[in-house]
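If you want the building blocks of each chain, they are given just below.
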Amino acid sequence: MPEVETVVRTLRPRLAGRTILAATGGPKLTVEPAVGQTIRDVTRHGKYIALHFDTGLLLVHLRMTGKLLYDGARTPYTRAEFVLDQGTLLYDDIRRFGRITWSTEYPAQGPDPLEVSFAGFAALFQRRRVRLKTLLLDQRFLRGLGNIYVDEALFRARLHPLSVAGSLSRAKLERLYTAMREVLTEAIAQGGSSVSDYVDGNGERGRFQRFHRVYRRTGEPCVSCGTPVERIVVGQRGTHFCPRCQRA
DNA sequence: ATTACTACCTGACAGC
DNA sequence: TGCTGTCAGGTAGTAA
């Protein structure tokens, strides 16, 4: 989500007011409804980038390797292209997981993690028996948290990823709420995390990967206690945590 | 409601 | 060099 927010922030001033003169897409990359229309705004909804037009929204989901680049260079992985009245918007995606869809409404998802109140946040956990990490990654529950930020938030809150979500005390929920907001806010301020090839709308890499405390630090000493960071798999996702600081 | 697993794609990297 | 296996900012679909 910090990466998507950064892309939106870099693209909004360049795209707002621009008219799409022509566009090419492909399978799972629907671009036609936007041709001839003017971009009124660019916003983020969870991990979706929304280009606003008079008749609807073009929703872009970058998934793992998608990139939206203003006036970027074409590559063998350029999958879609928008010719604007000023400049060009390229959509690159090595793995082809990303999607571009046309819609008149936002996808049904949970509240934004930076907008939800503590009461609203705490209510989401009631009677849930799923594992904590699995719940946090579920976009129907909260929209925006991804693998990096769940691991980083759980570390800061000193919570084990396999905890049962519905069994957390109020004190632990408060720690998680605060940690989640801090991690996301700091990551956005640093332009997101460039673990491999993420770049913003201007082709700039993020800086937050320098501040990761557990994500992809398997075997390295915990920044808090020195115990080696462990990696396990939770819900098919690599999961990094300190076994001493984060007890079940 | 929840878990578990598969698919979708391509590339980087480690080990043999 | 080349092969094999593992890993990767995510989500959808299916079956149990």
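Residues numbered from 1 in each chain as written. Chains lettered and ligands numbered in written order. Predicted model: local features only at pLDDT ≥ 70, side-chain atom pairs only at ≥ 80, totals over all residues. Heavy atoms only, no water.

A few points about the overall build of chain A
Scanning chain A from N- to C-terminus turns up five helices and 10 strands. Taking 18 Å as the expected radius of gyration for a compact globule of 248 residues, we find that chain A reaches 19 Å, a close match to that expectation. With respect to the three principal axes, the spread of C-alpha positions in chain A is 55 × 35 × 30 Å. Among the 248 residues that make up chain A, the fraction classed as buried is 52%. The long-range share in chain A, meaning contacts at least 24 apart out of those at least 6 apart in sequence, stands at 60%. As displayed, chain A has an accessible area near 11600 Å², and 48% of this comes from carbon and sulfur atoms. Of the side chains in chain A, 38 bear a positive and 24 a negative charge, and the two mean positions are spaced by 8 Å. (Helix = DSSP H or I, 4+ residues; strand = E, 2+ residues; numbered from the N terminus. Rg over C-alpha atoms; globule rule 2.2 N^0.38 Å. Buried < 20%, exposed > 50% of the residue type's maximum accessible area, 1.4 Å probe, protein only. Contact = heavy atoms within 4.5 Å. Areas by Shrake-Rupley, 256 points an atom, 1.4 Å probe, with all protein chains shown as cover. Lys, Arg positive; Asp, Glu negative; His and termini not counted. Charge placed at Lys NZ, Arg CZ, Asp CG, Glu CD.)

Structural notes on the protein's contact with DNA strand C
The local shell around DNA strand C holds 18 residues, among which S196, D197, Y198, Y215 and R237 are the closest. Take D197: an N or O atom from its main chain is 2.5 Å from a base oxygen of DNA strand C. In the model, a sugar or linking oxygen of DNA strand C is placed 3.1 Å from a nitrogen or oxygen of the R216 side chain. When grouped by side-chain class, the residues that make up the surface near DNA strand C number five nonpolar, six polar and seven charged. (Near = heavy atom within 4 Å. Polar contact = N/O pair within 3.5 Å; in protein donor to acceptor, adjacent residues only side chain to side chain. Nonpolar A, V, L, I, M, F, W, Y, C, P; charged D, E, K, R; others polar.)

Focus on the nonpolar core
One finds F121, F125, L136 and L176 to be the most contacted residues of the largest nonpolar core, which totals 33 residues. If you list the elements that add at least two residues to this core, you get helix 2 (118-123), helix 3 (132-137), helix 4 (147-157) and helix 5 (170-189). Once you skip the residues sitting within four places of it in the chain, F121 turns out to touch V116, L142, L173, L176, Y177 and M180. Among the nonpolar cores identified, the runner-up in size contains 26 residues, and L29, L51, L68 and Y91 belong to it. (Core = buried A, V, L, I, M, F, W, Y, C linked by side-chain atoms within 4.5 Å.)

A closer look at the sheet that holds strand 1 (residues 20-24)
Pairing between sheet strands relies on hydrogen bonds along the backbone, with the strands arranged either parallel or antiparallel. Strand order in the open sheet formed by four strands is 1-6-7-5, with antiparallel pairing between adjacent strands. The open sheet has two free edges, formed respectively by strand 1 and strand 5 (66-70), since each of these has just one partner strand. Within the sheet, the average angular offset between the axes of one strand and its neighbour, ignoring direction, is 15 degrees. Looking at chain direction, strand 5 and strand 7 (residues 88-93) are connected through five bridges and run antiparallel. Looking at the pairing, L68 lines up with Y91 of strand 7. Where helix 1 (residues 2-15) meets the sheet, its contacts fall on strand 5, strand 6 (78-84) and strand 7, and the angle it forms with strand 5 comes to roughly 30 degrees. (Pairing = 2+ DSSP bridges. Axes fitted to C-alpha atoms, helices over the stretch in contact; angles between N-to-C directions.)

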